[in-house]
Amino acid sequence: MYINMFMALARYYHYGYYGTRGAGDHIGIYIVLYIAVLIIPLIAQINVTSTFNKYSKIANSRGLTADQVARMILDSNGLQYVRIEHVKGKLSDHYDPKANVVRLSDSTYGQRSVAAIGVAAHECGHVCQHAENYGPILLRSKLVPVTNICSHLWYIVLIIGCILSSLTIGTGLIYLSIAMFAAVVIFQTVTLPVEFDASNRALKTLANDGILEPSEVPHASKVLKAAALTYVAGLLSSILQLLRLLLSVRRR
């Protein structure tokens, strides 16, 4: 995705007056923003991977597996109809509301670590959100179709706009591409409370139901906080990218 962004922006610089006089005054901030867009998510991803790896070595004292914990949480909330499936991958865990399935990855399913149990409980938190018609997750679900279109097409629209920049329609397409990217930023903003709430639900359940010992809950909390920071980093990166696009438009 970042390669596509780079290509689009490179075209934009070429066709959009950025080689004109005065552009050099702003090249520094463009470079800083571009580096930040790349580095911030990378740091967050490294952090969540290292944190998960650290606490995946600590088994819970009750000897429960993550999928067993997920089943316990779902059943205790009257969600027996939600299935649990094993999928390939690492940290690719997710809840599919259309199929009513919690899918746990290789790093979670069948694992007894506090890290795996925290992740499984987090996904069950999303199930509970849907069951309770939690406002932010309903809004997020409604935004998914539009966001999918915008996230895949905004840079293509930008490139076409740059190619046709000498025409009125070209300028319109450039503004449209920025609006499409702004829709992605809005989606990411709505996602934050959804993720934080799911983690809070997970930690409360793990502690109140005695699934994890009091000394183990903080370990699961660190894993979930690291995971949540990836969403924060993604949003911050996208905001900087949007700022970069808006600054570019002002140079036209």
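Before reading further, recall that the structure is shown in the block above.
Rules of the game
Residues numbered from 1 in each chain as written. Predicted model: local features only at pLDDT ≥ 70, side-chain atom pairs only at ≥ 80, totals over all residues. Heavy atoms only, no water. Helix = DSSP H or I, 4+ residues; strand = E, 2+ residues; numbered from the N terminus. Expected span 1.5 Å × (residues − 1). Buried < 20%, exposed > 50% of the residue type's maximum accessible area, 1.4 Å probe, protein only. Pairing = 2+ DSSP bridges. Axes fitted to C-alpha atoms, helices over the stretch in contact; angles between N-to-C directions. Salt bridge = Lys/Arg side-chain N within 4 Å of Asp/Glu carboxyl O.

> Would you mind going over helix H4 (residues 114-131) with me for this structure?
In an α-helix there are 3.6 residues to a turn, and that puts residues three or four apart on one side. An ideal rise of 1.5 Å per residue puts 26 Å on 18 residues; H4 measures up with 25 Å between its terminal C-alpha atoms. For H4, the buried fraction is high: 17 of the 18 residues fall into the buried class. Trailing H4 by a residue or two, asparagine 133 shows a phi angle of about 55°, which is positive.

> I would appreciate a short explanation of the sheet that holds strand S2 (residues 94-96) in the present structure.
In any sheet, the strands associate via hydrogen bonds between backbone groups, in a parallel or an antiparallel arrangement. Spatially, S1-S3-S2 is the arrangement adopted by the three strands of the open sheet, whose pairing is mixed. Among the strands making up the open sheet, the edge pair consists of strand S1 (83-86) and S2. Across the sheet, the mean angle from the axis of one strand to that of its neighbour is 25°, orientation sign disregarded. For S1 and strand S3 (residues 101-104), the ladder comprises four bridges, and the chain directions are parallel. The partner of histidine 86 across the bridge, within S3, is leucine 104.

> When you look at the pattern of salt bridges in this model, what are you seeing that I'm missing?
Note that side chains of opposite charge can pair when their charged atoms are close. Going through the model one piece at a time under the given rule, you end up with six salt bridges. Of the charged contacts, one joins glutamate 85 and arginine 103 as a salt bridge, the two residues approaching to 3.3 Å between their closest N and O atoms. Of this pair, glutamate 85 sits in strand S1 while arginine 103 sits in strand S3, placing them 18 residues apart in sequence. On the basis of relative accessible area, glutamate 85 is assigned to the partly exposed category, the value being 26%. In this structure, a network of salt bridges that share partners links the residues Arg83, Glu85, Asp96 and Arg103.

Remember that the coordinates give geometry; whether it matters functionally is a separate question.
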